[in-house]
Amino acid sequence: MKKYLVTGGAGFVGSNIAHTLEVEHKAKVTVLDNFSTGNYKNLLGFTGDIVTGDIQDRGWFGKIGKVDAIFHEAAITDTTVMDQRRMMEVNVDGFRSVLQFALETGVKRVIYASSAAVYGNGATPMREQQAPAPENIYGFSKAIMDNTAREFAAEYKDMTLVGLRYFNVYGPREYYKGNPASMMFHLYNQMKAGKRPRIFKFGEQVRDFVYVKDIVRGNLNALDAKKTCVCNLGSGHPGNFNEVVEALNKAMKLDLAPEYFDNPYSFYQNRTQADLRQAKALLNYRPEWKVAEGVADYVKIMEKTKI
Ligand SMILES: NC(=O)c1ccc[n+]([C@@H]2O[C@H](COP(=O)([O-])OP(=O)(O)OC[C@H]3O[C@@H](n4cnc5c(N)ncnc54)[C@H](O)[C@@H]3O)[C@@H](O)[C@H]2O)c1
């Protein structure tokens, strides 16, 4: 039986990875989380162990036995956090501590969450080879994590480090993220309450919205990656906010017109789109969910989920 550690496993993406590892891979999974943005309800039905701890310190090192691989999701995930020191300490120093744990316990594979935020307003489709141009400290911390991983793997050649640059993820178990949850989640709630969906003028900004089920698949595929690398994980079919509203209307059997309002942000990405060639070549990543289908699946799940 394979054993895995999922850091940030009480959060949105981490809990989806943990459940899938248990159910599909029949694996023994340990979750490490400090429950800052995660919630135990994401782990209802989980049969593995949970260690409550902070990735930044070593307090948890002795509580987790040897594992076959680590999925590292724990981070400050709210991109509006402006405290630079805190962001770097949690995201970069915390990552270094997870790598140190791997080194000390002989774990040879670490799969970690990077982000499309490293690209900022860079050229699209975004390629792993283009120079990072983060527009906030969150994106900067993820770009530095990629550097840390590259240098670590160069020093410890028997280790494989796979960085996954997630684009805009949506799907089940994001409820407890609050504000940083996806637009799918927020617009669904507005529409469910009978309100018109509010989006920035005129809903034409494009995002590579990727369903969490594809993100989980990308993570699992990374278990077989032959070498250290950084790969984009997107949907392959970017869509705009008007299309999201259209998909929600269809899935919820509604006909609510968007209410457009001025974008208050001086910095805003007008388009994100992942170039997926590297993920296909190195991870055999083949996303299955386009916006319409992903939203329909997600709505079905939200309709039957009691919080
Ligand atoms: N959701 C997205 O759209 C998206 C996009 C790009 C990248 N990512 C990355 O994916 C990963 C997972 O994000 P998510 O959306 O599931 O966010 P999330 O906030 O739901 O999950 C993060 C988890 O990490 C835990 N955590 C935070 N700081 C910790 C610490 N110091 N020690 C231990 N645990 C800690 C939280 O309690 C939470 O359970 C993150 O690394 C995030 O940066 C997410």
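See the structure printed just above.
Residues numbered from 1 in each chain as written. Predicted model: local features only at pLDDT ≥ 70, side-chain atom pairs only at ≥ 80, totals over all residues. Heavy atoms only, no water.

The helix and strand inventory of the protein stands at eight helices and 13 strands. For a compact globule of 307 residues, the expected C-alpha radius of gyration is about 19 Å, and the protein comes in at 19 Å, within 12% of that figure. Oriented by its inertia axes, the alpha-carbon framework of the protein measures out at about 55 × 40 × 35 Å. Burial statistics for the protein: of 307 residues in total, 53% are counted as buried. Across the protein, the fraction of contacts at a sequence separation of at least 24, relative to all contacts at a separation of at least 6, is 80%. For the protein, the centre of its 40 positive side-chain charges and the centre of its 34 negative side-chain charges are spaced 4 Å apart. (Helix = DSSP H or I, 4+ residues; strand = E, 2+ residues; numbered from the N terminus. Rg over C-alpha atoms; globule rule 2.2 N^0.38 Å. Buried < 20%, exposed > 50% of the residue type's maximum accessible area, 1.4 Å probe, protein only. Contact = heavy atoms within 4.5 Å. Lys, Arg positive; Asp, Glu negative; His and termini not counted. Charge placed at Lys NZ, Arg CZ, Asp CG, Glu CD.)

Our focus in this paragraph is helix H6 (residues 241-252). Look at H6: 16 Å from first C-alpha to last across 12 residues, which is about the 16 Å you get at 1.5 Å a residue. Taken residue by residue, H6 has Phe241, Val244, Val245, Ala247, Leu248, Asn249 and Met252 as its buried positions. Looking at the buried side of H6, the elements it contacts are helix H4 (183-192), strand E8 (198-200), strand E9 (206-207), strand E10 (209-211), strand E12 (239-240) and helix H8 (291-304). Immediately downstream of H6, the backbone of Lys253 shows phi near 55 degrees, a positive value. (Expected span 1.5 Å × (residues − 1).)

What follows is about helix H2 (residues 84-105). Under the 1.5 Å per step criterion, the end-to-end length of H2 is 31 Å for 22 residues, consistent within 8% with the ideal 32 Å. Taken together, the buried positions of H2 are Met87, Val90, Asn91, Val92, Gly94, Phe95, Ser97, Val98, Leu99, Phe101 and Ala102. On its buried side, H2 packs onto strand E1 (3-7), strand E4 (69-72), strand E5 (109-115), helix H3 (137-155) and strand E6 (160-166). The N-cap of H2, judged by a side-chain oxygen 3.3 Å from the amide nitrogen of Arg85 a few residues on, is Asp83. (Polar contact = N/O pair within 3.5 Å; in protein donor to acceptor, adjacent residues only side chain to side chain.)

Take the sheet that holds E4 next. Within the open sheet, the seven strands sit side by side as E3-E2-E1-E4-E5-E6-E11. Their pairing is parallel. Strand pairing shows two members of the sheet lacking a second neighbour, strand E3 (49-52) and strand E11 (229-233), which therefore form its edges. Taken pair by pair, the neighbouring strands of this sheet meet at an average axis angle of 20 degrees, ignoring direction. Here E6 runs beside E11; their pairing, made up of five bridges, is parallel. Bridging from a neighbouring strand, Gly163 pairs with Val230 of E11. Along the sheet face, helix H1 (residues 12-25) touches E1, strand E2 (28-33), E4 and E6 and points at about 165 degrees away from the line of E1. Here H2 sits on the sheet in contact with E1, E4, E5 and E6, set at roughly 175 degrees to E4. (Pairing = 2+ DSSP bridges. Axes fitted to C-alpha atoms, helices over the stretch in contact; angles between N-to-C directions.)

Our focus in this paragraph is the pairing of E5. Here E5 lies mainly inside the structure; seven of its seven residues are buried. Burial of E5 is two-sided: the residues Arg109, Ile111, Ala113 and Ser115 facing one way and the residues Val110, Tyr112 and Ser114 facing the other way are all buried. Inspection of the sheet shows E4 paired to E5 by three bridges, in the parallel sense. When the bridges of E5 are listed, Ile70 appears paired with Val110. Handedness of the crossover joining E4 and E5 through H2: right-handed. Examined bridge by bridge, E5 and E6 share seven bridges and lie parallel to one another. Note that in E6 the partner of Arg109 across the bridge is Thr160. (Right-handed = clockwise from strand over helix to strand, strands pointing away.)

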